[in-house]
Amino acid sequence: MAVFVALGAFLMTLAGGWTAQRVTDRRHLVLGLAGGLMLGVVGLDLLPEALHAAGDEIFGVPAALLLFVAGFLLAHLVERLLAARQAAHGGDEKDGRAPEVGLTAAAAMVGHSAMDGVAIGAAFQVGGGMGAAVALAVVAHDFADGFNTYTITSLYGNDRRRALGMLFADAAAPVVGAASTSFVTIPEGLLGGYLGLFGGALLYLAAAEILPEAHHEHPARSTLLCTVAGVGFIWLVVGLAG
């Protein structure tokens, strides 16, 4: 049942990527929406889950928050190192962005989608009701995952073939993750730490890359509205799943 439900996540992820691909003539709106979706996922979904799962404190600060900050700094460090490496070797860049950064970010999205599949499988092991609730949340926000994966990969100058490759990997990841729960169980604390780390990296991409690019050439009210709509969509999904 878990794998069957994960196939729904597969299709929803592809739908999100297809939508991002079809509206490239409204690039500023796409980026504004992607930034809002990412902000909503981090603030309303990942971080609360991370704090719940990894409740231990380290020197007075929840471990999940420390990893959240570490993820933000790690994403910044990786981007700077890859950009410097590209410049030193005369590699191709797009508006000062190294394509490898986009691929690395998309790979992180794929890893997160695999963990979504693990969450579906683990929930169905607890019970059918729990599995259905988790599946609803995962399938609903996988549209945003597909949309963001294609957008991030393309933003950093990767061609359409690479963007589609990362999109398909992201779509397949929940199925693989759900199937893996037949063999592996991930401790809750470790899962919470991962969510915090990934949330910090995702917030960096949204705040430092996606949203500034969205408003760079088109500082329009419509772009801001798309960002707010993205956050609102994730809020709706979280509320319905709860």
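The coordinates are above.
Being a predicted model, the structure only gives us computed values, none of them experimental.

Colleague: Honestly, the environment of Phe147 in this entry has me stumped. Any pointers?
Modeller: Considering the arrangement of structural elements, one finds Phe147 in helix H5 (residues 128-155). Its relative accessible area of 1% is what places Phe147 among the buried residues. With 114 residues separating them in the primary sequence, Phe147 and Leu33 have C-alpha atoms 9.2 Å apart. For Phe147, the residues in contact, after removing those within four places along its chain, are Gly16, Gly17, Thr19, Ala20, Val30, Leu33, Ala34 and Leu37.

Colleague: When you look at the nonpolar core in this model, what are you seeing that I'm missing?
Modeller: As a rule of thumb, nonpolar side chains are buried together in soluble globular proteins. Membership of the largest hydrophobic core comes to 39 residues, with the highest contact counts inside it found for Met38, Ile152, Leu202, Leu205 and Ile210. Of all the secondary-structure elements, those providing two or more residues to this core are helix H1 (2-22), helix H2 (27-53), helix H3 (63-88), helix H4 (99-126), H5, helix H6 (160-180) and helix H7 (188-216). The dominant element in this core, judged by the number of residues it contributes, is H2, at 10 residues. In this structure, Ile210 is in contact with Leu31, Ala34, Gly35, Met38, Ile152, Leu155 and Leu205, ignoring residues within four places of it in sequence.

Colleague: Please clarify how the packing of H2 against H7 should be interpreted in this entry.
Modeller: For any two helices packed against each other, the geometry is given by the interaxial angle and the distance between the axes. Their axes nearest at 8 Å, the elements H2 and H7 cross at an angle of 160°. When the axis of H2 is compared with that of H7, the two are roughly antiparallel. Considering the relative orientation of H2 and H7, their crossing is left-handed. The residue inventory of the contact of H2 with H7, partitioned by class, reads 18 nonpolar, nine polar and four charged.

Cut-offs and rules
- Residues numbered from 1 in each chain as written.
- Predicted model: local features only at pLDDT ≥ 70, side-chain atom pairs only at ≥ 80, totals over all residues.
- Heavy atoms only, no water.
- Helix = DSSP H or I, 4+ residues; strand = E, 2+ residues; numbered from the N terminus.
- Buried < 20%, exposed > 50% of the residue type's maximum accessible area, 1.4 Å probe, protein only.
- Contact = heavy atoms within 4.5 Å.
- Core = buried A, V, L, I, M, F, W, Y, C linked by side-chain atoms within 4.5 Å.
- Axes fitted to C-alpha atoms, helices over the stretch in contact; angles between N-to-C directions.
- Parallel < 35°, antiparallel > 145°, perpendicular 65-115°, else oblique.
- Left-handed = near helix turned anticlockwise from the far one by under 90°.
- Nonpolar A, V, L, I, M, F, W, Y, C, P; charged D, E, K, R; others polar.

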